[in-house]
Amino acid sequence: MQAATNRLIASLQPQFLCTIIAEDHLKVLYKKLQLGITDGSVPKYENGNWFKSSYNILTYFKKQLNDEDSYNIMTYPWQLKEEWMPTGYNKFYDILNEVKQIVDSKYPQFKIEDISPNVSNFLWIADSKDIIGNITAHFEINKNRNNLSVDIHFEGTEEEKNIFHQVIKKLPDKVTWKKWQNSQSLTYDEIYNINDENISEKLVSSLVKINELIGDKVRYILENINTLISQYQVKIKEMNSTIQLLEYKKQIILQGPPGTGKTRRAELIAREILDVSDIAQLQDHEQYKIVQFHPSYTYEDFVRGIVAEANGDRIEYKNVNKTISKFAKVALDNFLDSKKDIVELSLEKWIEDEFNLFIDKISETLEQDKISLSDNVDLVDLMDDAFLYIGENWKGYEHRMSFKDIKRAYLDNNITRQDIVKNLNLSGSARQHATYYIVVLNKFRDFLEGKAIPTNQTEIKEKKYILVIDEINRANLSTVLGELIYALEYRGKGLDSIYEVEGEQKILLPENLYIIGTMNTADRSIGHIDYAIRRRFAFVDVLPVNLESELKDDFKTDIFSKATSLFIENYDSSIDYSDENVVMKKSEYMTADFDPKDVWLGHSYFIQHYEKNEKGEDVKEKPVEFSFRIKYEIKPILEEYIKDGILKESARSVINSL
C-alpha cells in the first residue's frame, strides 16, 4: 500500500523525486552510497519520510552529475539498480543490522555478533555475561513469514528444557510458552510486521522487556542447571511412580502433615498427565476438576440430588447429576466415542445437528398451536432437554419426553411402538409411553427424509480425566460417596443410584476417570475414612523437605531445622525421610501416641513471602517480615499440638525460641 502511494506521488511530482519507489530499496541505495563515499557528502536517510529522502537523493545525483535536468537524472538510480541492489535483497538482514547498531550503542547488557547477509529466519542474541547465549537458552529475534517476534529459546536436552518448566512456575504478563518444532520458547507477546515503521526500535524494546521480566530467572536456572537437574530427576522419579500407581489403582490419596504441598502435588500430577505447560492452564481445562470437601458436604452435593427450578408460575423439582456424576459423564462419553469408527461418529454428529434444527421447527409450530400425539394427548411445550406433553384428563403437570430418548431410538433403528417398548437403552418413561414417543420419532424421521449422511468426522482419541478432591477426609466419606464406594473398585460397571436422572437409574465411573484426594494427617477427623474406603484408595506420603538448595535465602533453613527437632531426633537434611527404608526416630518432645510423619510441620511454613503487585507477582524489594509468620502461623499450630497431646509440655521452650 505504501509503495503504491509513493508511486502516485512520484508520478505527480516527477521533477522533484527519484523513481526508487520502495522505501526498503531506497534505504539500501543510501547505505551503498554511504559505504562507498566516505567524504560525508551523502545525505542521511530520513527515517519514515520517503518524500524527503527521495528528494534528497535526486538532489545529490544532480549535484554529482552536474545536471539540473530532473528528467535526465530521476531514473538514473533505477537504471543502475543491478550495481547497488544485491541479488535476492534481504530486508530482514537490514532490520537486524539496525537492531545491532541500536544494541551496540545503547544496551551493553546484550551482545550481537556480526550478522550474515544470508540470515533467513532468526538472529541469536546473548547477554553480556554469556549466561543466556548458549544452546541451552538464548535470546532470538524470529521471523515467521512477515511476522517478527522476540523469544528466549531453549534447545538443550529434554532434562534441561524440563527444568525451565519446573522452576518457572508462574509467568509474568506478556510472556507465554510457545512450542517450536522440537523446542520451546518463552515469547514476548508483541508480534510485529516486517514493514512496520521503526521496526528495529520495536524489536529492541521487546528484547529489553523480556529480559527485565524473566531474564534473571532464566539466568538463575542456567547457573544452577546441574544441581536443579539432580533435584528434578529425584522429583520426576517420584512423580512417575505416583502416576503409575494412579493409573493402576484409579484413585489415590496424597497424605501428609500440614504445609507439605499436597494440593500442589496433585496439580503437578494432573499437569503431567494432561500435558499442559502451566498449572494455571488447568483452571478451565475440560479434563480437570477440583473440589474441596468440608464437614457439611453430602451425597446430594457430590453425586446426585434434587434441585428446584422455576417453570413459569410454578416451581418444579428435578433430579440432577452433581459434581462427580457430571464429570464422569463427560469422561464416559469420550471413552465410548473413542471406541467408535468414523462412520458411527459422523452419524451421531449429524443426528445431533439435525435434531437441533428439528427442535427449532417444533418450537415454531408450538408458537401457533399444540401438536397432537393421540386423540387426547398433545405436545404443548419444550424445555432445554425435553419436549413436554400432557393428556386432557391427566392430573398434575406435563410429562417430559427427553431429547436423548428420541435420538437414541433413531440410532437404534426403532421403527414400531414395540421397538421402543423393548429398547433397554431408553428410559423407563420412554418405554412406558412408547405410544407418544413413536409419533415424535416418526416426525423426526420425516424431517430427515432426503437428507444425506456425511462422513466428515475424525477419530476421537481416549482422554484421561482428573478429579482432585482436596481435604478429602474433612467430609464423612461413607455418606458422601454412597454406592460409589462400589463403583470405585468396579470401573465401567453401572450400579443403581437412589436418584433417577433423565430416566437413567444407573451410574458408573469409567476407566479413564482418575481421582486424586489430599488428606491432612494431623487432622483429627481422619477417623472418618473407614476400612472399606481405605481398601479402594492407594495412599502416598507427602512429607516435609528442606528447600534451601532450590529457594536459597527464601527458605528459612535454621527455623525449619529447629521446628523439625520437635518431631525427629537428630534431623539430617541430606536424608530422604520419604524413603520407606529410612527409620524416622521420634524426638523426645513427642508423645507416644503419634507418628512424626503425620504431624511434622511442612516446609511451606518456612518460605519467605513477599508483597504482591497488581498482577499478583512477588515484589522482591518488599519482603514480608518473617516474624509475622512465626508469630501468627508457626507458633499457634505448634502450641495447638501441645494442647492436643501431640507434643509434650517440654516442647514449649523450643517453640518460644523460634
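Before any of the text, the structure's been laid out above.
What this report covers is the structure whose coordinates are included nearby.

What counts and how
- Residues numbered from 1 in each chain as written.
- Predicted model: local features only at pLDDT ≥ 70, side-chain atom pairs only at ≥ 80, totals over all residues.
- Heavy atoms only, no water.
- Helix = DSSP H or I, 4+ residues; strand = E, 2+ residues; numbered from the N terminus.
- Buried < 20%, exposed > 50% of the residue type's maximum accessible area, 1.4 Å probe, protein only.
- Patch = residues over 30% accessible without salt bridge, like charges linked within 9 Å, V, L, I, M, F, W, Y side chains within 5 Å.
- Areas by Shrake-Rupley, 256 points an atom, 1.4 Å probe, with all protein chains shown as cover.
- Salt bridge = Lys/Arg side-chain N within 4 Å of Asp/Glu carboxyl O.
- Lys, Arg positive; Asp, Glu negative; His and termini not counted.
- Charge placed at Lys NZ, Arg CZ, Asp CG, Glu CD.
- Core = buried A, V, L, I, M, F, W, Y, C linked by side-chain atoms within 4.5 Å.
- Domains from an automatic or database assignment.
- Contact = heavy atoms within 4.5 Å.
- Pairing = 2+ DSSP bridges.
- Axes fitted to C-alpha atoms, helices over the stretch in contact; angles between N-to-C directions.
- Parallel < 35°, antiparallel > 145°, perpendicular 65-115°, else oblique.
- Left-handed = near helix turned anticlockwise from the far one by under 90°.
- Nonpolar A, V, L, I, M, F, W, Y, C, P; charged D, E, K, R; others polar.
- Phe/Tyr/Trp six-rings, centres within 6.5 Å; stacked < 30°, edge-to-face > 60°.
- Lys NZ or Arg CZ within 6 Å of the ring centre and 35° of its normal.
- Expected span 1.5 Å × (residues − 1).

You will see that Asp275, though not glycine, has its phi angle at about 55°, which is positive. One can find Asp275 in the loop between α11 (262-274) and β9 (288-292). Take Asp275: its relative accessible area is 61%, and that puts it in the exposed class. Positioned with a positive phi, Lys552 is a non-glycine residue whose angle comes to about 55°. Along the chain, the position of Lys552 falls in the loop between α22 (548-551) and α23 (557-564).

Glancing now at a negative patch on the surface. Where like charges cluster on the molecular surface, the negative patch consists of Glu238, Asp576, Asp579 and Glu580. When you line up the elements, Glu580 lands in the loop between α23 and α24 (596-599). Overall, Glu580 belongs to the exposed group, its relative accessible area being 75%.

Turning our attention to the nonpolar core. Residues Ile141, Phe164, Leu186, Leu203, Val218, Ile466 and Ile516 are the most contacted members of the largest nonpolar core, which totals 69 residues. For this core, the leading source of residues is helix α9 (residues 199-223), giving ten residues. The two domains that each donate at least three residues to this core are domain 2 (91-229) and domain 3 (250-304 + 462-541). Ile466 has contacts with Ala270, Ile273, Leu274, Gln287, Tyr288, Lys289, Phe327, Tyr514 and Ile516, leaving out every residue within four places of it along the chain.

This part takes up the environment of Lys202. Relative to the assigned elements, Lys202 resides in helix α9. Separated by eleven residues in the primary sequence, Lys202 and Ile191 place their C-alpha atoms 9.8 Å from one another. What Lys202 contacts, discounting residues up to four positions off in sequence, is Tyr192, Asp196 and Glu197.

This part is about the sheet that holds strand β15 (residues 399-402). With antiparallel pairing, four strands are arranged side by side in an open sheet as β12-β13-β14-β15. The outermost strands of the open sheet, each flanked by one partner alone, are β12 (371-372) and β15. Running at roughly 110° to strand β13 (residues 377-382), helix α14 (residues 342-368) makes contact with β12, β13 and β14 (386-391) of the sheet. Lying over the sheet, helix α15 (residues 403-411) contacts β14 and β15, oriented at roughly 40° with respect to β15.

Bringing the environment of Leu495 into the picture now. The residue Leu495 is located in strand β17 (residues 495-501) in this model. Residue class for Leu495 comes out buried when judged on its relative accessible area of 10%. It is 5.0 Å that separates the C-alpha atoms of Leu495 and Lys506, two residues lying eleven residues apart in sequence. In this view, Leu495 contacts Glu483, Tyr486, Ala487, Gln505, Lys506 and Ile507; residues no more than four positions away in its chain are not counted.

Moving on, we get to the packing of α15 against helix α18 (residues 434-447). Where α15 contacts α18, the two axes come as close as 10 Å, and the packing angle between them is 65°. With respect to α18, the axis of α15 lies roughly perpendicular. For the pair α15 and α18, the sense of crossing is right-handed. Contacts from Asp405, Ile406, Ala409 and Tyr410 of α15 reach α18 at Tyr437, Val440, Leu441, Phe444 and Arg445. Classifying every residue of the contact of α15 with α18 by side-chain character gives seven nonpolar, no polar and two charged.

On to the packing of aromatic side chains, then. Under the counting rule described, the total for this entry stands at 30 aromatic pairs. The interplanar angle of 85° and the centroid separation of 5.5 Å between the aromatic rings of Phe110 and Phe139 together place this pair among those described as edge-to-face. Of this pair, Phe110 sits in strand β1 (residues 110-111) while Phe139 sits in strand β3 (residues 137-144), placing them 29 residues apart in sequence. A relative accessible area of 0% means that Phe139 is categorised as buried. For the pair Tyr410 and Phe444, a centre-to-centre distance of 5.5 Å together with 70° between the ring planes defines the contact as edge-to-face. One end of the pair, Tyr410, is in helix α15; the other, Phe444, is in helix α18, and 34 residues separate them in sequence. This pair shows no difference in class: Tyr410 is buried, exactly as Phe444 is. Positioned above the aromatic ring of Tyr490 is the side chain of Lys493, whose terminal nitrogen or guanidinium carbon lies 6.0 Å from the ring centre. Lying across the ring of Phe539, Arg534 places its NZ or CZ 5.0 Å from the centre.

This part takes up helix α10 (residues 225-249). Under the 1.5 Å per step criterion, the end-to-end length of α10 is 35 Å for 25 residues, consistent within 8% with the ideal 36 Å. Here α10 has its buried residues at Ile225, Leu228, Ile229, Gln231, Tyr232, Ile236, Met239, Thr242, Ile243 and Leu246. Residue Lys250 follows α10 closely and has a positive phi angle near 80°.

Time to look at the packing of α14 against α15. Direction vectors running N to C along α14 and α15 enclose 130°, while the axes themselves pass 11 Å from each other. For the element pair α14 / α15, the angle class is oblique. The handedness of the crossing between α14 and α15 comes out as right-handed. Along the contact surface, α14 presents Leu347, Glu348, Trp350, Ile351, Glu352, Phe355 and Ile359, while α15 presents Phe403, Ile406, Lys407, Tyr410 and Leu411. Here the residues of the contact of α14 with α15 sort into nine nonpolar, no polar and three charged.

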